[in-house]
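Chain by chain, the residues run as shown.
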Amino acid sequence: MTLLGRLLNNRRAGETHAAWNLPGLQGPELLTLTSRHFAHGEPMPPRHGAKNIGGDNLSPHLSWTAPPPGTTQLLLVVEDIDVPLSKPAVHCVALVDPASGELGPGALDARHPAAGVRVLRSTIGRGYHGPGPIKGHGPHRYTFQLFALAATLDSDPGPKAPERARPRALLASVTAPVLARGRLTGTYER
């Protein structure tokens, strides 16, 4: 796997197709997103990594400044923008009650999410999936992006329900105004 990582070293998705840059998710950067487990641009502790590389697949603690008045729902998206694909890999998508103010460690677990959290589909499955970059590919950036929405995403139980939608389709379909947004980036390397 180290050889594969080196061969793919110059292939990275980049930020162009990240949720942060999608037209429907534009808004003022008024939210400050932080974690007790890592600082912006710093390495994430191994316990937040994927189980197949020795981590616990435990979502990190996250907290944020108060969203603006009129926020009805928060949309959290976690992406690996350095995956060697054409678009970032979505590691987690969740809808969060704006009154919560923070998420404790493990709050994004697919089977037992924290109160006020609805975990949705990601590229990998449902719930939080920790970093697991290809060995030797170099550092990967994992962006935790939080969007304060002025309206809730459609809760229709039909085929287009947020719980059933593929992550890219869900993100592209957001039409609710984004009142504020913020992001935190952690790194991970094998």
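See the structure above.
Residues numbered from 1 in each chain as written. Predicted model: local features only at pLDDT ≥ 70, side-chain atom pairs only at ≥ 80, totals over all residues. Heavy atoms only, no water.

1. A short note on the sheet that holds strand E2 (residues 62–64)
Next up, step 1: Pairing is antiparallel across the open sheet formed by 3 strands, whose spatial order is E1-E2-E5. Sheet topology places strand E1 (33–34) and strand E5 (102–103) at the edges, where each strand pairs with a single neighbour.
Next up, step 2: Summarising the sheet, E1 and E2 pair through 2 bridges and their orientation is antiparallel. Bridge pairing in E2 links Thr34 to Ser63. (Pairing = 2+ DSSP bridges. Helix = DSSP H or I, 4+ residues; strand = E, 2+ residues; numbered from the N terminus.)

2. Describing the packing of aromatic side chains
One pair of aromatic rings is described through two measures. These are the centre distance and the angle between the planes.
Next up, step 1: Tallied over the entire structure, the rule returns 2 aromatic pairs.
Next up, step 2: Ring geometry for Trp20 and Phe147: centres 6.0 Å apart, planes at 45 degrees, overall tilted. With Trp20 in the loop between helix H1 (2–7) and E1 and Phe147 in strand E7 (residues 140–149), the pair connects residues that are 127 residues apart, well separated along the chain. Residues Trp20 and Phe147 agree in their burial class; the two are buried.
Next up, step 3: Their ring planes at 45 degrees and their centres at 5.8 Å tell us that Phe38 and Phe144 sit as a pair that is tilted. Here the residue Phe38 occupies a position in the loop between E1 and E2, and Phe144 occupies one in strand E7, the gap between them amounting to 106 residues. The same class applies to Phe38 and to Phe144, which are both buried.
Next up, step 4: Above the face of the Trp20 ring, Arg181 is positioned so that its terminal group lies 3.8 Å from the ring centre. (Phe/Tyr/Trp six-rings, centres within 6.5 Å; stacked < 30°, edge-to-face > 60°. Buried < 20%, exposed > 50% of the residue type's maximum accessible area, 1.4 Å probe, protein only. Lys NZ or Arg CZ within 6 Å of the ring centre and 35° of its normal.)

Read these as geometric descriptors, not functional statements.
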